[in-house]
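Here is how the chains run, residue by residue.
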Amino acid sequence: MQRWHGLEEIPGDWGRSVVTIGSFDGVHRGHQLIINRVVELAGELGAKSVVVTFDPHPSEVVRPGTHPPLLAPQPRRAELVEQLGVDAVLVLPFTAEFSKESPEYFVRSVLVDALHAKAVVEGPNFRFGHRAAGNVELLAELGRADDFTVEVVDLQVRGTAGDGEPFSSSLCRRLVATGDMTGVAEILGRPHRVEGEVVRGAQRGRELGYPTANVDTVAHSAIPADGVYAGWLTADGETMPAAISVGTNPTFDGTARTVEAYAIDRVGLDLYGQHVAVDFLAWLRGMEKFDSIDALLERMAEDVKRARDLTERP
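Here we summarise the structure given alongside this text.

Quick notes on the rules
Residues numbered from 1 in each chain as written. Predicted model: local features only at pLDDT ≥ 70, side-chain atom pairs only at ≥ 80, totals over all residues. Heavy atoms only, no water. Helix = DSSP H or I, 4+ residues; strand = E, 2+ residues; numbered from the N terminus. Buried < 20%, exposed > 50% of the residue type's maximum accessible area, 1.4 Å probe, protein only. Contact = heavy atoms within 4.5 Å. Areas by Shrake-Rupley, 256 points an atom, 1.4 Å probe, with all protein chains shown as cover. Lys, Arg positive; Asp, Glu negative; His and termini not counted. Charge placed at Lys NZ, Arg CZ, Asp CG, Glu CD. 1 Å grid on protein atoms, 1.4 Å probe; cavity = no way out; pocket = protein on both sides within 12 Å on 5 of 7 lines; lining within 4 Å. Points joined across faces, edges and corners; volume = space filled by probe spheres on them. Nonpolar A, V, L, I, M, F, W, Y, C, P; charged D, E, K, R; others polar. Expected span 1.5 Å × (residues − 1). Arc of directions from axis to C-beta. Axes fitted to C-alpha atoms, helices over the stretch in contact; angles between N-to-C directions. Parallel < 35°, antiparallel > 145°, perpendicular 65-115°, else oblique. Left-handed = near helix turned anticlockwise from the far one by under 90°. Pairing = 2+ DSSP bridges. Phe/Tyr/Trp six-rings, centres within 6.5 Å; stacked < 30°, edge-to-face > 60°. Lys NZ or Arg CZ within 6 Å of the ring centre and 35° of its normal.

**A word on the overall build of the chain**
Part 1: When helices and strands are counted, the chain shows 10 helices and 12 strands.
Part 2: Taken along its principal axes, the extent of the C-alpha atoms in the chain is 75 × 35 × 35 Å.
Part 3: Expressed as a percentage of its 314 residues, the buried residues of the chain come to 48%.
Part 4: Of the contacts made within the chain by residues no fewer than 6 positions apart, 69% connect residues no fewer than 24 positions apart.
Part 5: Here the chain has roughly 14900 Å² of accessible surface; of this, 49% comes from carbon and sulfur atoms.
Part 6: One finds the centroid of the 31 positive side-chain charges in the chain at a distance of 2 Å from the centroid of its 46 negative side-chain charges.

In structure tokens, the structure reads:
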């Protein structure tokens, strides 16, 4: 899959495209419906499939300080899109100047001149251009003048998550914030992941016999509610069952909120400076302040056993 950062990186001989545009944070199951249709339609039309997205998140530019917690950083989103069979991802730098461009300018500069769109696939609530003035009706009208068609996909998927509310990035963020990893996995089609670099912490886990990877998470990451979780730690291509702690370590009167993952039954791991991924499978318990180190160690042993059992299940 080709990855382009800006219109200038698109090859000059790029042919006709089937395109979809959006933030696609999390690439959840609703997003997957749209992207799968893009790939399918591109095959039918003999064109290339392209996903167009933005960096940074548009809300951070239009309304600074309102950046939503991200379900997946941009490189992870590209990986997930690639797994769906897309030919190329175009990441457009979202600037204040870009946000002021009209819907007509966006269609002409991006869809027509750069990507030579043959078809565009979107959800019914798609908006684009300055002040979100463009919608799918306007897109279809512009397409008739510029030789591309518009297909609208109903991306509303429902399940048990959120009491039957349609799946969305917003719902997924709310469930992450409450620690509902089962609901999040239903929406995403996979466990929620947090990434970052392993940094040195207080090293209390090592002293207690449970050395943890202290993850300096990517900016704006959607961090689950404080508590202990079962999941996996992936480092250097290896995925290991893990017990994961999110919170401030209240037993030691901590103040900084951290994400720490203990790779179960692994000895001698040195992950400092590595970029790792932490996948959250299930919530085990809330964060607690223990009266003694012995009480903490007893509970940690229980946490590790439960995490081991859960991650060993198919």
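Structure's up, so let's keep going.
**Digging into the layout of surface pockets**
Part 1: One number sums up the size of the largest pocket: a volume of about 1300 Å³.
Part 2: Forming the boundary of the largest pocket are 45 residues, of which Gly-22, Ser-23, Asn-125, Phe-126 and Arg-127 lie nearest the centre.
Part 3: For the lining of the largest pocket, the secondary-structure elements that each account for two or more residues are α1 (29-45), α2 (58-62), α4 (96-99), α5 (103-114) and α7 (169-178).
Part 4: For the lining of the largest pocket, the element with the most residues is α2, which contributes 4 residues.
Part 5: The class makeup of the residues in the lining of the largest pocket is 20 nonpolar, 16 polar and 9 charged.

**Section: empty space enclosed by the protein**
Part 1: A full pass over the atoms with the stated rule returns 2 cavities of 30 Å³ or more.
Part 2: Roughly 50 Å³ of volume is contained in the largest cavity.
Part 3: Considering the residues around the largest cavity, the lining is formed by Ser-23, Phe-24, Val-27, Val-51, Thr-53, Gln-74, Arg-77, Ala-78, Val-81 and Val-89.
Part 4: At the level of secondary structure, the elements contributing two or more residues to the lining of the largest cavity comprise β3 (48-55) and α3 (74-83).
Part 5: For the lining of the largest cavity, the per-class residue count stands at 6 nonpolar, 3 polar and 1 charged.
Part 6: Around the second largest cavity, the lining residues are Leu-71, Ala-72, Arg-76, Leu-80, Leu-188, Arg-190, Pro-191 and Arg-193.
Part 7: Residues of the lining of the second largest cavity, tallied by class, amount to 5 nonpolar, no polar and 3 charged.

**Quick word on helix α10 (residues 293-312)**
Part 1: With 20 residues, α10 ought to run about 28 Å at 1.5 Å a step, and its terminal C-alpha atoms sit 28 Å apart, in line with that.
Part 2: Every buried residue belonging to α10 is among Leu-296, Met-300, Asp-303, Val-304, Ala-307 and Thr-311, and all of these are buried. Within α10, the buried residues cover an arc of 100° as seen down the axis, which keeps them to one side. For α10, the exposed residues lying more than 90 degrees away from the buried face are Asp-294, Glu-298 and Glu-312.

**Some thoughts on the packing of α7 against helix α8 (residues 181-188)**
Part 1: α8 packs onto α7 with a crossing angle of 155° between their chain directions and a minimal axis gap of 8 Å. Taken together, α7 and α8 sit at an angle that is classed as roughly antiparallel. Between α7 and α8 lies a crossing whose hand is left-handed. In this structure, α7 contributes Leu-171, Cys-172, Leu-175 and Val-176 to the contact, and α8 contributes Met-181, Gly-183, Val-184, Ile-187 and Leu-188.
Part 2: In terms of residue class, the contact of α7 with α8 is built from 8 nonpolar, 1 polar and no charged.

**Some thoughts on the sheet that holds strand β7 (residues 192-199)**
Part 1: Ordered by their spatial adjacency, 6 strands build a closed barrel running β7-β8-β11-β10-β9-β12, and the pairing between neighbours is antiparallel. Taken over all neighbouring pairs, the strand axes of this sheet differ in orientation by 45° on average, direction set aside.
Part 2: The pairing of β7 with strand β12 (residues 275-285) spans 6 bridges and is antiparallel. Bridge pairing in β12 links Glu-195 to Ala-277.

**Digging into the environment of Gly-183**
Part 1: Relative to the helices and strands, Gly-183 is located in helix α8.
Part 2: With 15 residues separating them in the primary sequence, Gly-183 and Val-198 have C-alpha atoms 28 Å apart.
Part 3: If we skip the residues at most four places from it in the chain, Gly-183 touches Ala-161 and Leu-175.

**Points about the packing of α5 against helix α6 (residues 136-146)**
Part 1: For the pair α5 and α6, interaxial distance at closest approach is 11 Å and the crossing angle is 50°. Relative to α6, the element α5 lies oblique. The chirality of how α5 crosses α6 is right-handed. Contacts from Pro-103, Glu-104, Val-107, Arg-108, Leu-111 and Val-112 in α5 reach Leu-138, Leu-139, Leu-142 and Asp-146 in α6.
Part 2: Split into classes, the residues belonging to the contact of α5 with α6 amount to 7 nonpolar, no polar and 3 charged.

**Overview of the packing of aromatic side chains**
Part 1: All chains considered together, the criterion is met by 9 aromatic pairs.
Part 2: With a centroid separation of 5.7 Å and an interplanar angle of 85°, the aromatic rings of Phe-54 and Phe-94 are classed as edge-to-face. With Phe-54 in strand β3 and Phe-94 in the loop between β4 (88-93) and α4, this pair connects stretches of sequence that are 40 residues apart.
Part 3: The buried category is assigned to Phe-54, whose relative accessible area is 11%.
Part 4: Taken together, the ring pairs connect Phe-54, Phe-94, Phe-98, Phe-106, Phe-126 and Phe-128 into an aromatic cluster.
Part 5: If you follow Lys-48 out to its NZ or CZ, it ends over the ring of Trp-14, 4.7 Å from the centre.

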